[in-house]
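# A structural walkthrough
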Amino acid sequence: MCFGEKMTAGALEGVTILDLTRVLAGPFATMMLADMGANVIKIEEPGKGDDTRQFGPFRNDESIYFITNNRNKKGNNIEFARSKSERNVQGNGQEGECCY
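Here's a quick rundown of the structure.

Conventions we followed
Within each chain, residue numbers correspond to sequence positions counted from 1 in written order. pLDDT decides what is reported in this predicted model: residues at 70 or higher carry local features, side-chain atom pairs at 80 or more are listed and counted, and totals for whole chains, interfaces and linings draw on all residues regardless. Note that the side-chain values use all heavy atoms of the structure and ignore hydrogens as well as water. Buried residues are those whose accessible area, probed at 1.4 Å on protein chains only, stays under 20% of the maximum for their type, while exposed residues exceed 50% and partly exposed ones sit between those limits. Numbering goes from the N terminus for both helices and strands, where a helix is a DSSP run of H or I of at least four residues and a strand is a run of E of at least two. Directions drawn from the helix axis to the C-beta atoms are what define this arc. The contact rule is simple, with two residues in contact once any of their heavy atoms fall within 4.5 Å. Any pair of nitrogen or oxygen atoms within 3.5 Å is treated as a polar contact; in protein, a donor-acceptor pairing is required on top of that, and neighbouring residues in sequence qualify only through side-chain atoms on both sides. Here a patch means residues that are over 30% exposed by relative accessible area and free of salt bridges, tied together within 9 Å if like-charged and within 5 Å if nonpolar (Val, Leu, Ile, Met, Phe, Trp, Tyr). Note that accessible areas follow from Shrake-Rupley with a 1.4 Å probe, and for residues the cover is restricted to the protein chains shown. Any carboxyl oxygen of Asp or Glu that lies within 4 Å of a side-chain nitrogen of Lys or Arg is treated as forming a salt bridge with it. Only centres within 6.5 Å qualify two rings of Phe, Tyr or Trp (six-membered ring in Trp) as a pair; their planes then separate them into stacked at under 30 degrees, edge-to-face at over 60, and tilted for everything else.

### Brief notes about helix α1 (residues 25-35)
- Here α1 has its buried residues at G26, P27, T30, M31, L33 and A34. Each buried residue of α1 sits inside an arc of 160° when the element is viewed along its axis, so together they form one side.
- Residues of α1 that are buried sit in contact with β1 (16-19), β2 (39-44), α2 (64-69) and β5 (73-77).
- Backbone geometry just downstream of α1 places G37 in the positive-phi region, at approximately 105°.

Pasting the structure below:
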């Protein structure tokens, strides 16, 4: 799933960021990195997702706040309570240059 389309290549093109952040400051920071061309992979809790998915206003049953702060990112769900998922995150982190 992709939360937006990249318009042009940027200074961080080719850099991968694993985004484990929630709510405001972290998603905003990784949004700016994505805007500069980084490949940002947002990880959310399965079945719940980021809390901001519930913040209004809504358009087509989706939070405009969530979509705005997570544009240009790819999404994935990982259940952190399981050790296999923890290894999966660690594996993704090894591929990425940065984890937030």
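### Quick notes on the side chain of N70
- On the secondary structure map, N70 appears in the loop between α2 and β5.
- In this structure N70 comes out as buried when scored by relative accessible area, which is 1%.
- Of note is the side chain of N70, whose polar atom sits 3.0 Å from the side chain of K73.

### What to know about a nonpolar patch on the surface
- Where nonpolar side chains cluster on the molecular surface, the patch consists of F28, M32 and M36 and spans about 260 Å² of accessible area.
- M32 gets classed as partly exposed once you look at its relative accessible area, which sits at 37%.

### Focus on unusual backbone geometry
- In this chain, G56 is followed by P57 through a cis amide linkage whose omega measures 0°.
- Assignment of secondary structure puts P57 in the loop between β2 and β3 (58-59).
- Even without being glycine, V23 reaches a positive phi, approximately 70°.
- Take V23: it is sitting in the loop between β1 and α1.
- We note that N60 has phi near 55°; this positive angle belongs to a residue other than glycine.

### So, the packing of aromatic side chains
- If you walk through the whole model with that rule in mind, you get 1 aromatic pair.
- With centroids separated by 5.4 Å and ring planes inclined at 45°, the aromatic side chains of F55 and Y65 adopt a geometry described as tilted. Taken together, the residues span a long stretch of sequence, with F55 in the loop between β2 and β3 and Y65 in helix α2 at a distance of 10 residues.
- The class for F55 is partly exposed, based on a relative accessible area of 35%.

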